[in-house]
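Now for the letters of each chain:
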Amino acid sequence: MLEVSNLACSRGDHLLFSGLSLTLQSGQIMQVQGENGKGKTSLLRTLCGFILPDEGRITWYGDDVRDLSEEYFASLLYLGHHNAIKDELSALENLQISAGLAGITLDERQAVSALRRLGLKGRERLPTKVLSQGQRRRVALARLLVGNAKLWVLDEPLTALDVGAVALIQELIGEHLGKHGMVIFTTHQPLVIGDIEISRLSLL
Amino acid sequence: MLEVSNLACSRGDHLLFSGLSLTLQSGQIMQVQGENGKGKTSLLRTLCGFILPDEGRITWYGDDVRDLSEEYFASLLYLGHHNAIKDELSALENLQISAGLAGITLDERQAVSALRRLGLKGRERLPTKVLSQGQRRRVALARLLVGNAKLWVLDEPLTALDVGAVALIQELIGEHLGKHGMVIFTTHQPLVIGDIEISRLSLL
Amino acid sequence: MNQLSVVHLLVLVVRRDLLLAMRRRADVLTILVFFILVVSLFPLGVGPEMGMLRKMAPGVLWVAALLASMLSLGRLFSADYLDGTLEQMMLTPQSLSVLVLGKMIAHWLVSGLPLVLMAPVLGLQFDMPAQGLLVLMIGLLIGTPILSMLGAIGAALTLGLRGGGVLLSLLVLPLCIPVLIFGTGAVEAVASGLSAVSNLSLIAALLMLCLVFTPWVAAQALRISME
Amino acid sequence: MNQLSVVHLLVLVVRRDLLLAMRRRADVLTILVFFILVVSLFPLGVGPEMGMLRKMAPGVLWVAALLASMLSLGRLFSADYLDGTLEQMMLTPQSLSVLVLGKMIAHWLVSGLPLVLMAPVLGLQFDMPAQGLLVLMIGLLIGTPILSMLGAIGAALTLGLRGGGVLLSLLVLPLCIPVLIFGTGAVEAVASGLSAVSNLSLIAALLMLCLVFTPWVAAQALRISME
Amino acid sequence: MAINWFKYSAPSTFYGLAGRLVPWFAVPAAVLFVIGLYIGFFVAPKDAVQGEAYRIIFIHVPASILSMFLYLVMAGYAALGLIFNTRLSSMMATALAPTGALFAFISLWTGALWGKPMWGAWWVWDARLTSELILLFLYFGFIALHASIDDPRRADRAAALLAIVGSVNVPIIYFSVKWWNTLHQGSTIKFSGTSMHVAMQQSMFTLLLACWLYAVAVTLVRVRSIILERERNTLWVSELKEVGL
Ligand code: HEM
Ligand SMILES: Nc1ncnc2c1ncn2[C@@H]1O[C@H](COP(=O)(O)OP(=O)(O)OP(=O)(O)O)[C@@H](O)[C@H]1O
Ligand SMILES: Nc1ncnc2c1ncn2[C@@H]1O[C@H](COP(=O)(O)OP(=O)(O)OP(=O)(O)O)[C@@H](O)[C@H]1O
Ligand SMILES: [Mg+2]
Ligand SMILES: [Mg+2]
């Protein structure tokens, strides 16, 4: 269970939000909403510990995430504006390395099948730098399939994706929630997960 | 009038498209459609002369764009995946410099009002690196307001924009078409320009 | 047509790059300090014998200047390339050669000129005689623009390549060797009582040559790299 | 918990970085060529007197090694930072210090080791005696890892800053000076018939010290820079 | 009487305190400068070996000592800021750096001026001189790193780490005269039995004290402006009367 209480965050002289609290239980999904520049990205990065909040506490099953650190990271999967893939490596190598670092051993067959599911058939062994914008995003999203993280933090996962890929991501999120995962995300595009209710947090 | 005849383009050993022809008249708008990796970006970059096509001709009011070059560039506005703004400069400075290079003198008042129209009020003088993803995109889009280019080539102009900004961009495109401009663009998000009909080109 | 006059365009580009340099003032300073550091490293490595140091001085100063301007060249186009502004510059209805010349000038003002001004102070540390210092400064004054201009070609060619920095040095350093040789030759000439004019005028000739050709060559290199 | 053992993690990180280096083989080569170029520029700048060159040799080689590894340090973290993979590494449930140590080792293998192997050949060009060459090589062998490790701290601190490359040199070069002094001191000691052991063991002591502290310090620096 | 130190470690209270303290350091600094220079140039006798030129020592030595001392103080403040996350200590470190760099520069400069008559060269590459030069670079490194990071919190922490790592160098400078035999003179100021004339010693100590007072005063002034800049959006700053709206 992720609990955030009384969080405040400012960038430069600009107070983005304050007194923000939220709770996310197993199987729940939450969308952070707000216009451009309202602080959605900042909120998600604060949850991952990249930004020190000015005030407030973030706890994971009761413990402050600052103290847990590695334990918390083991149950966290963050997908940011960047794809976090190496241009020179193939999609396959990228996926295997990032799984390896997360402590998961992934044989080639598994990795290839994850990439195929994301529509990268025939592109698995090309260096990712030659892929298109959307294909690169798909490589990054393949991490959703191989990890065993409980909490997904997704910052605009749908950018650059075509309609088919959007449907696939919605399906993946649905599966994850079905397995008692939690998801917190932002997007400016419409996103529907079957008939699961998405709780919304608006930054004004 | 932009005319493309029998264009073929390949990346690596991969043929993206061939035998592609299109005509774009004043006041017309065209959407290039296709799944991720079908070659939309490659097509638009070919139109701008960044990629040499394997075959085919691109003409601007009858003359090959290769021969026109500077004359053609004067009537072209390209917005790519990159925002093409300098992080250290403010939105205002960015806009003024890019207008200056395009040969347009733009006084501060005009620049500010363009930025305000794009919802950047109060952020005009901050270095753009502190802006959010969507705000940075808006700075890039402000160029649409100040230029006098006839042909707009827009590669996924809507990424990272919130709903309000999307509506604004649609409005701007509408105005441009009303002034006998031409637009060729790609997007994976729905885009409607009043009741103007968008011709579509699908890459398969 | 929205084409600007050459002077107007040059002013615009130089002003833009100087503005950017002002925003990251620390950079300008650090190039200078790098120069001083490299120069100071040598005596540490070689030992403090004054006679030997005095002889090495012009060579060390020139090599350090070469390395310092090489280092700063890495960012000449690459910063603009990465954020897409270079792409946009190539789409403007202006002459790319003039644009490139503007960037070369700005680069020299920011990274070459400070070295020229600093060199005499460092020369004093090596106990160089006053006349030697003067010739060194003149040599650097007309030599460093050549480094910026040749470097621009290298920077354009290595644009967007990983490890560009090192590759760049590899391409450009050999081209700069004549400048180095004439520059140090001039100082040695005065040191042994001869005239430095012939060496210096050779550098000046190189400068003229570069001024005429390099902007165009660098512009072509840019076009190739962007394709 | 998905925590890996230290050795397993080290192997993973080193392999990753070596794989990347293999993909851009040109880089590794260019560092080496840069080293050779800088070393060869000096005789050009200083003049061809053999006696003087022989004396300069260890200093020049060490300074060139310093500069070459400084240059390649620029990319140690920054490539990973720009594409977001560093961010992801920090989110793995692994020890960041070990991860950083892995990157340091990989950096040394790619950019330090080749210099060590190349140095004797260049030394021969300066007419260095065999014993001097041996000591030079040993010095570089235990000294260059220190450069990689100290450099990593600088690279972490300057992460994402404009002009990082030059700033990095400014921060790191002063810290590397002791290595330079002991390294050249060792060669000079044998040259004048003394033992090089004391100098070399000082470098070895520095290496141990760095091995213990720098991974942790660099990890902290990374955390600060990522905030 | 117990002083509430934590109260003064808040920038808002320290701002006022620093303002009141400045004259208490600045005025004695000025007075001692005058006295020290007077003793140094009019009372102290001509040196048997070095003639009049030796009088540079009265500036050279205090500047040299302070350049090293201030580095340690700066690193100490930076470390405090890093460990306890106290904003004020980091601001103090930032405020100290330029003064330290200035003293390092003065040391180098006066040393060079002195070197010309004494050693016949502006500069020799001896261990102490070189290490003092490195100290100047360390200061520059600190200032440059701090200046290139926009986010003040990150800048503080990054620069602090650098300062701590760099402080390893200070003992090297200090002991360089002992470890390598050099041209530069070894320590003459010893705790027992010195070889110096009394007036020379008096002048040197007076000027040392003056320099120290000056450093404190300047640092306080600088830290005040840093506080103002960093806290410009807070209520208390906007209520200050010197910050006219
Ligand atoms: C640029 C050149 C020079 C530099 C960087 C330099 C640096 C220093 C430093 C760092 C100290 C402080 C040492 C301590 O606290 O023990 C010092 C002290 C001193 N220096 Fe220099 N120095 C330079 C040139 C000279 C010259 C040319 C002379 C005179 C021949 C000189 C004479 C002294 C003396 C007498 C002391 C006081 C030593 C003591 O009493 O402890 N210095 N210098
Ligand atoms: N130094 C600063 N000074 C003033 N404002 C700043 C500074 N740094 C960041 N900001 C502001 O903080 C906000 C950061 O927003 P963030 O990136 O979290 O937005 P977002 O909700 O993710 O927006 P988007 O939908 O565009 O991605 C922006 O409004 C930006 O202008
Ligand atoms: N060297 C190469 N070898 C094989 N395929 C390549 C090579 N370089 C590029 N490609 C392919 O060319 C295509 C480039 O597509 P482009 O970027 O134009 O796509 P797009 O339609 O804009 O896609 P998106 O919607 O994702 O932005 C990709 O499918 C990519 O895999
Ligand atoms: Mg965002
Ligand atoms: Mg595309």
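In what follows, the accompanying structure is described.

The rules behind the values
- Residues numbered from 1 in each chain as written.
- Chains lettered and ligands numbered in written order.
- Predicted model: local features only at pLDDT ≥ 70, side-chain atom pairs only at ≥ 80, totals over all residues.
- Heavy atoms only, no water.
- Least-squares fit on C-alpha atoms with pLDDT ≥ 70 in both.
- Contact = heavy atoms within 4.5 Å.
- Near = heavy atom within 4 Å.
- Polar contact = N/O pair within 3.5 Å; in protein donor to acceptor, adjacent residues only side chain to side chain.
- Areas by Shrake-Rupley, 256 points an atom, 1.4 Å probe, with all protein chains shown as cover.
- Helix = DSSP H or I, 4+ residues; strand = E, 2+ residues; numbered from the N terminus.
- Nonpolar A, V, L, I, M, F, W, Y, C, P; charged D, E, K, R; others polar.
- Buried area = accessible area lost by both parts, 1.4 Å probe.
- Pairing = 2+ DSSP bridges.
- Axes fitted to C-alpha atoms, helices over the stretch in contact; angles between N-to-C directions.
- Buried < 20%, exposed > 50% of the residue type's maximum accessible area, 1.4 Å probe, protein only.

### What about the relation of the copies chain D and chain C?
Rotating chain D by 180° and translating it 0.0 Å along the rotation axis places it on chain C, where the RMSD comes to 0.1 Å. Overall, the copies show the geometry of a two-fold rotation axis. The C-alpha atom lying nearest the rotation axis in chain D is that of M52 of chain D; the distance is 3.8 Å. Most of the interface of chain D is mirrored in chain C, where 100% of its interface residues again form contacts.

### Regarding the site of ligand 3
Taken together, 23 residues sit near ligand 3, with R123, S132 and G134 of chain A together with T41 and S42 of chain B positioned nearest. Near ligand 3, residues from chains A and B are present, making the site a shared one. R123 of chain A places a side-chain nitrogen or oxygen 2.5 Å from an oxygen atom of ligand 3. For ligand 3, whose unbound accessible area comes to 650 Å², protein coverage reaches 91%. Every element with two or more residues in the shell around ligand 3 is listed here: helix 6 (133-141) of chain A together with strand 2 (14-24) and helix 1 (40-47) of chain B. Here the residues of the shell around ligand 3 sort into 4 nonpolar, 12 polar and 7 charged.

### Looking at the interface of chain E and chain C
With 11 residues of chain E at the contact, the number on the chain C side is 15 residues. Of the roughly 1200 Å² buried between chain E and chain C, counting both surfaces, carbon and sulfur atoms make up 79%. Interface area lost by chain E to chain C is led by W123, W125 and F137 of chain E, which between them contribute 55%. Per-element accounting of the side of chain E that touches chain C gives the leading share, 6 residues, to helix 5 (residues 127-148) of chain E. Residue classes in the side of chain E that touches chain C are distributed as 8 nonpolar, 2 polar and 1 charged.

### With respect to the sheet that holds strand 1 (residues 2-11) of chain A
All names here are of chain A. With antiparallel pairing, 4 strands are arranged side by side in an open sheet as 2-1-4-5. In this open sheet, the two strands that pair with only one neighbour each are strand 2 (14-24) and strand 5 (63-64). When strand 1 meets strand 2, the two strands line up antiparallel, connected through 7 bridges. Bridge assignment links V4 to a residue of strand 2, and that residue is L22. Sheet contacts for helix 1 (residues 40-47): strand 1, strand 2 and strand 4 (55-60); angle to strand 1, the most-contacted strand, approximately 125°.

### A closer look at the side chain of E87 of chain D
Counting through the fold element by element, E87 of chain D comes out in helix 5 (residues 85-90). E87 of chain D sits in the buried class, given a relative accessible area of 10%.

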